Amino acid sequence: MNLFGAMYDKTMIWSKHRFAPFWLSFVSFIEAIFFPIPPDVMLIPMSMSKPQSAMKFAWLTAIASVLGGMIGYALGYYAFDLVEQYITQWGYQAHWQTATQWFEKWGILVVFVAGFSPIPYKVFTICAGVMHMAFLPFVLTAFVSRVARFILVAKLAAWGGEKFAAKLRKSIEFIGWAVVALAVIAYLILR
């Protein structure tokens, strides 16, 4: 079954589309508010297929993500009662409890770590608003961490370029099924 290879091929084709930068920005924006898929899924293939534009893609991703984070902050600050039902519905309760504990313990440093890491960023943008964190430090910290993360991701993907994309394609079925197996095992262990 060539499931992951077909998805990989489609992703690489879409990464070269003329509207790809728009969709990258859009996904980055909504991921910081509610969308479950991180923008790296688009940033990496776009940077591999067009290494000369990788820095542009990284900046688009970072700026859109910070703007989305500002909306997430506002939702937490002004409309948490409305948002709370979605946290429960989407299964983010454990992330939410962890985020609030971390904010109480480490404050603004949590925004930096969440912005740089693969932790669900949206949880922390909303939590920053709920915790009434000072807005300007929130935005500055989010900006620094998101720029650092996406430049690193784009540079690494661009460095690999088309040669790495071709090598990755050869192993994508194994990698894809290994990730599925690990996810199933993690689910069975953690439930």
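Residues numbered from 1 in each chain as written. Predicted model: local features only at pLDDT ≥ 70, side-chain atom pairs only at ≥ 80, totals over all residues. Heavy atoms only, no water.

- Under an unreviewed UniProt entry, the name given to the chain is DedA family protein, and the source organism is Aggregatibacter aphrophilus.

### With respect to the overall build of the chain
Link 1 in the chain: Regarding its fold elements, the chain presents 9 helices and 0 strands.
Link 2 in the chain: The N-to-C order of helical and strand elements in the chain reads α-α-α-α-α-α-α-α-α.
Link 3 in the chain: Counting only C-alpha atoms and orienting by the principal axes, one finds that the chain spans roughly 45 × 40 × 25 Å.
Link 4 in the chain: When burial is assessed residue by residue, the chain has 41% of its 191 residues classed as buried.
Link 5 in the chain: The long-range share in the chain, meaning contacts at least 24 apart out of those at least 6 apart in sequence, stands at 80%.
Link 6 in the chain: Accessible surface for the chain amounts to roughly 11100 Å². Of this, 73% is attributable to carbon and sulfur atoms.
Link 7 in the chain: If the 15 positive side-chain charges of the chain are averaged to one point and the 8 negative ones to another, these points end up 13 Å apart. (Helix = DSSP H or I, 4+ residues; strand = E, 2+ residues; numbered from the N terminus. Buried < 20%, exposed > 50% of the residue type's maximum accessible area, 1.4 Å probe, protein only. Contact = heavy atoms within 4.5 Å. Areas by Shrake-Rupley, 256 points an atom, 1.4 Å probe, with all protein chains shown as cover. Lys, Arg positive; Asp, Glu negative; His and termini not counted. Charge placed at Lys NZ, Arg CZ, Asp CG, Glu CD.)

### Some points on the UniProt feature "domain: VTT" (unreviewed entry) in the chain
Link 1 in the chain: Mapped onto the present numbering, the UniProt feature "domain: VTT" (unreviewed entry) falls at residues 38–154.
Link 2 in the chain: Within residues 38–154, the helical portion is 83% and the strand portion 0%, while the C-alpha atoms at the span's ends are 14 Å from each other. (UniProt positions renumbered as here; feature names shortened; annotations may be inferred.)

### A word on the UniProt feature "transmembrane region" (unreviewed entry) in the chain
Link 1 in the chain: Residues annotated by UniProt as "transmembrane region" (unreviewed entry) correspond here to residues 20–37, 57–80, 106–123, 135–154 and 174–190.
Link 2 in the chain: Span residues 106–123 is 67% helix and 0% strand, its end C-alpha atoms 16 Å apart.
Link 3 in the chain: Taken as a whole, residues 174–190 contains 100% helix and 0% strand, while its terminal C-alpha atoms sit 24 Å from one another.

### Here we look at the packing of helix H2 (residues 20–31) against helix H4 (residues 54–78)
Angle between the axes and distance between the axes: these two values describe a pair of packed helices.
Link 1 in the chain: H4 packs onto H2 with a crossing angle of 35° between their chain directions and a minimal axis gap of 7 Å. Handedness of the crossing formed by H2 with H4: right-handed. Each of Pro21, Leu24, Ser25, Ser28 and Phe29 in H2 lies in contact with H4, whose residues at this interface are Phe57, Leu60, Thr61, Ala64, Ser65, Leu67, Gly68 and Ile71.
Link 2 in the chain: Here the residues of the contact of H2 with H4 sort into 8 nonpolar, 5 polar and no charged. (Axes fitted to C-alpha atoms, helices over the stretch in contact; angles between N-to-C directions. Left-handed = near helix turned anticlockwise from the far one by under 90°. Nonpolar A, V, L, I, M, F, W, Y, C, P; charged D, E, K, R; others polar.)

### Description of the nonpolar core
Link 1 in the chain: Core analysis: the biggest nonpolar cluster contains 23 residues, and Trp96, Phe103, Phe124, Met133 and Phe138 have the highest contact counts within it.
Link 2 in the chain: Sorting the residues of this core by element identifies H4, helix H5 (80–89), helix H6 (93–106), helix H7 (109–116), helix H8 (121–130) and helix H9 (135–190) as the ones contributing at least two each.
Link 3 in the chain: With 6 residues, the single largest contributor to this core is H8.
Link 4 in the chain: Once you skip the residues sitting within four places of it in the chain, Phe138 turns out to touch Gly69, Met70, Tyr73, Ile108, Val111, Thr125, Ala128 and Met133.
Link 5 in the chain: With 13 residues, the next largest nonpolar core counts Leu24, Ala54, Phe150 and Ala158 among its residues. (Core = buried A, V, L, I, M, F, W, Y, C linked by side-chain atoms within 4.5 Å.)

### Quick look at the packing of helix H1 (residues 3–15) against helix H3 (residues 40–49)
Link 1 in the chain: Interhelical geometry of H1 versus H3 gives an angle of 70° and a closest axis separation of 8 Å. The pairing of H1 with H3 is recorded here as roughly perpendicular in orientation. The handedness of the crossing between H1 and H3 is right-handed. Here Tyr8, Thr11, Met12 and Ser15 of H1 come into contact with H3, specifically with Val41, Pro45, Met46, Met48 and Ser49. (Parallel < 35°, antiparallel > 145°, perpendicular 65-115°, else oblique.)

### Topic: the side chain of Ser49
Link 1 in the chain: If you trace the backbone, Ser49 turns up in helix H3.
Link 2 in the chain: A residue is classified by how much of its surface remains accessible, and Ser49, at 11% relative accessible area, is buried.
Link 3 in the chain: If we skip the residues at most four places from it in the chain, Ser49 touches Met12, Ser15, Lys16 and Glu162.

### Section: the pattern of salt bridges
Link 1 in the chain: What the rule picks out here adds up to 3 salt bridges.
Link 2 in the chain: Its salt-bridge partner being Asp40, residue Arg149 comes within 2.6 Å of it at the nearest N-O pair. Of the two residues, Arg149 is situated in helix H9 and Asp40 in helix H3; the sequence distance between them amounts to 109 residues. Of the two residues examined, Arg149 and Asp40, each falls in the buried class.
Link 3 in the chain: Each of Glu31, Lys122 and Arg146 takes part in salt bridges that share partners, so that together they form one network. (Salt bridge = Lys/Arg side-chain N within 4 Å of Asp/Glu carboxyl O.)

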